[in-house]
Amino acid sequence: MDLSHISLTDAAELLRSRSLSAVELTRHFLNRIETTDPTLNAFITVDAAGALAAAEAADLRLAQGQATPLTGIPLAIKDLFCTQGLRTTCASKMLQHFVPPYESTVTRRLKAAGAVVLGKTNMDEFAMGSSNETSFFGPVRNPWDHDRTPGGSSGGSAAATAAGLCLAAIGTDTGGSIRQPAALTGTTGLKPTYGRVSRYGMIAFASSLDQAGPMTRSVADAATLLQAMAGHDPLDSTSIDAPVPDYQSGLTTSMRGMRIGIPAEYFADGLADSVRRGVEQAMETFRSLGAQCLSLSLPSTAYAIPTYYIIAPAEASSNLARYDGIRFGHRCADPQDLQEMYARSRSEGFGAEVKRRIMLGTYVLSSGYYDAYYRKAQKVRRLIADDFQSAFTQVDLLLTPTTPETAFRIGEKNSDPVQMYLSDIFTINVNLAGLPGLSLPCGFDENNLPVGVQLIGRPLQEATLLAAGHAFQQVTDWHLRRPS
Ligand code: GLN
């Protein structure tokens, strides 16, 4: 059996029946990382000792018959979840040597369920980017074509999952960073409803948009991970206090009679033919499963990018003010005075894209411009959310492309930030409205690069998205294809 690409369910079964030990499974992935990752650069830190110790503990638990579906399952974690005692860099020089004194809620819950953390994955610096090229640790290569990006910002998690360097990974999504790399690597990525998963211990980028979610090779695997991650957390005041349904048992809900909305604005000019074809074929598949597809309009769609690029940088400029060279993070050498220490520590510690966002954010929040930019953007954000709300009075789900095109070449969009920002044109509105979104592999283009389709759901309706995605994956095999 090819251990690298088995499902979480199959792996858990092998572990439970004792035909494979957690230590053996963990060793398998550590070896694979050692041979493959020098090319892909998906990991910033590999924690072999920690992973093997967790695997031994998992084997003990398995022997005692106390396993959960995640006991002994090797995972990769985006390097912005604080892991106590294990370096957490956010792919920034600023945090190159930062070892958190505490654990994020997401990783704490996964570890408590018995999961094994193989290491921390590469990403765009502070999650700002769509290609993984802003990382201080260098770009990640797409396993489907090493000259191309895996997308971003959770590019390391996506590449590791697609290449079988872990059984699954965790990412975060502020404007598309789970769904866009999932689409570009042929993996499954779920961004939950804002507040469904705790943000405690996630290094903040834009606090009103950031959300953690699973990046997997199937919807069923995503359901297993979300089960462990979701739920109220008193340590995050924006976490939602609502019961967590049984996602696994909800997977078999029928698509019959399901109403799927197709927003016209997402199929306009600029959509690559290969993506259009893949997504239209996905629509056909949903029809054959008994769903009904209805066209509708989300008129405020065009304002997504400008609205996001005011709100996200505003929040980032405020969140990143904490990196002052004093409490933690990079401090410049031999400053003459306090002012110079602030200025040089920040100039040296942050990369170009992060500085661009800090400047943008500081500008839109400054007195005199606040009303014209920040306040206006908040009003447009409301209009965008209202569009979705009114669509969901007619339909149960929305179906759109995840990205306008397939994976682009490393370096291709580097000189033009706006071109890069447009990669998230179909995902950003979902964050602005706080809704759950799921990207599924739905085809390949003429260069054998994966295409993704996005499903968007009502608040807290992850179960509906997962059921639809699972039904789709029961009758298609796009998610089973692997890069050679
Ligand atoms: N690409 C978007 C940005 O650069 C979204 C990133 C994200 O979701 N973290 O802001």
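Before reading on, note that the structure itself is shown above.
Computed from a prediction, not measured in an experiment: that's the story for all the values here.

Quick notes on the rules
- Residues numbered from 1 in each chain as written.
- Predicted model: local features only at pLDDT ≥ 70, side-chain atom pairs only at ≥ 80, totals over all residues.
- Heavy atoms only, no water.
- Helix = DSSP H or I, 4+ residues; strand = E, 2+ residues; numbered from the N terminus.
- Buried < 20%, exposed > 50% of the residue type's maximum accessible area, 1.4 Å probe, protein only.
- Contact = heavy atoms within 4.5 Å.
- Areas by Shrake-Rupley, 256 points an atom, 1.4 Å probe, with all protein chains shown as cover.
- Lys, Arg positive; Asp, Glu negative; His and termini not counted.
- Charge placed at Lys NZ, Arg CZ, Asp CG, Glu CD.
- Pairing = 2+ DSSP bridges.
- Right-handed = clockwise from strand over helix to strand, strands pointing away.
- Expected span 1.5 Å × (residues − 1).
- Bend = angle between axes of the 7 residues up to and from the residue.
- Salt bridge = Lys/Arg side-chain N within 4 Å of Asp/Glu carboxyl O.
- 1 Å grid on protein atoms, 1.4 Å probe; cavity = no way out; pocket = protein on both sides within 12 Å on 5 of 7 lines; lining within 4 Å.
- Points joined across faces, edges and corners; volume = space filled by probe spheres on them.
- Nonpolar A, V, L, I, M, F, W, Y, C, P; charged D, E, K, R; others polar.
- Axes fitted to C-alpha atoms, helices over the stretch in contact; angles between N-to-C directions.

As for the overall build of the protein chain
So, point 1. Across its full length, the protein chain holds 16 helices and 11 strands.
So, point 2. Along the longest, intermediate and shortest principal axes, the C-alpha atoms of the protein chain span 65 × 55 × 45 Å.
So, point 3. Taking all 484 residues of the protein chain together, 62% fall into the buried category.
So, point 4. Summarising the internal contacts of the protein chain: among those between residues at least 6 apart in sequence, 75% fall at separations of at least 24.
So, point 5. Of the roughly 17,700 Å² of accessible surface on the protein chain, 52% is carried by carbon and sulfur atoms.
So, point 6. Each charge class in the protein chain was averaged separately, 42 positive and 47 negative side chains, and the resulting centres sit 3 Å apart.

Details of the pairing of strand β7 (residues 259-263)
So, point 1. Most of β7 is tucked away, with four of its five residues classed as buried.
So, point 2. Examined bridge by bridge, β7 and strand β8 (residues 292-296) share five bridges and lie parallel to one another. Each residue of the ladder has a partner; that of Ile 260, found in β8, is Cys 293.
So, point 3. In this region the chain leaves β7, passes through helix α9 (residues 273-288) and returns to the parallel neighbour β8; the handedness of that crossover is right-handed.
So, point 4. For β7 and strand β9 (residues 397-401), the ladder comprises two bridges, and the chain directions are parallel. Bridging across to β9, Gly 261 finds its partner in Leu 398.

A few points about helix α2 (residues 22-40)
So, point 1. End to end, α2 covers 25 Å across 19 residues, agreeing with the expected 27 Å (1.5 Å per residue, within 8%).
So, point 2. At Glu 34, α2 is deflected by roughly 40°, the largest bend along its length, and proline Pro 38 occurs up to four residues later in sequence.
So, point 3. Taken as a whole, α2 has its buried residues at Ala 22, Val 23, Leu 25, Thr 26, Phe 29, Leu 30, Ile 33, Asp 37 and Leu 40.
So, point 4. Positioned one or two residues after α2, Asn 41 has a phi angle of 65°, which is positive.

Topic: the pattern of salt bridges
So, point 1. One pass over the structure, following the stated rule, counts 20 salt bridges.
So, point 2. Put simply, Asp 236 and Arg 199 hold a salt bridge, and the shortest N to O gap is 3.8 Å. Placement of the pair is Asp 236 in the loop between α7 (219-229) and α8 (247-250) and Arg 199 in the loop between β5 (188-191) and β6 (211-216), with a sequence separation of 37 residues. Residue Asp 236 shares its accessibility class with Arg 199, and that shared class is buried.
So, point 3. For Asp 396, the salt bridge identified is with Arg 458, shortest N-O distance 3.7 Å.

As for empty space enclosed by the protein
So, point 1. Scanning all chains against the criterion turns up three cavities of 30 Å³ or more.
So, point 2. Taken as a whole, the largest cavity spans an internal volume of roughly 80 Å³.
So, point 3. Lining of the largest cavity is provided by 14 residues; of these, Ala 127, Gly 129, Ser 177, Tyr 308 and Asp 424 occupy positions nearest its centre.
So, point 4. Partitioned by chemical class, the residues of the lining of the largest cavity number six nonpolar, six polar and two charged.

Some details on the layout of surface pockets
So, point 1. Volume-wise, the largest pocket comes out at about 370 Å³.
So, point 2. In this structure, the largest pocket is lined by 19 residues; those nearest its centre are Asp 269, Pro 404, Leu 422, Ile 425 and Phe 426.
So, point 3. Its residues assigned to classes, the lining of the largest pocket comprises 11 nonpolar, four polar and four charged.
So, point 4. When its volume is computed, the second largest pocket comes out at roughly 300 Å³.
So, point 5. Together, 15 residues line the second largest pocket, and Tyr 102, Met 202, Ile 203, Ala 204 and Arg 322 are the ones closest to its centre.

Re the sheet that holds strand β10 (residues 437-444)
So, point 1. If you walk across this open sheet you meet the 11 strands as β1-β3-β2-β4-β6-β5-β10-β11-β9-β7-β8, and the pairing is mixed. A single partner strand is all that each edge strand has here, and the edge strands are β1 (43-46) and β8. Taking the axes of each pair of neighbouring strands and ignoring which way they run, one obtains an average angle of 30° across the sheet.
So, point 2. Here β5 runs beside β6; their pairing, made up of two bridges, is antiparallel. Its bridge partner lying in β6, Thr 188 is registered against Thr 216.
So, point 3. Its contacts with the sheet put α2 on β1, β2 (74-78) and β3 (116-121), and the angle it makes with β3 is roughly 20°.

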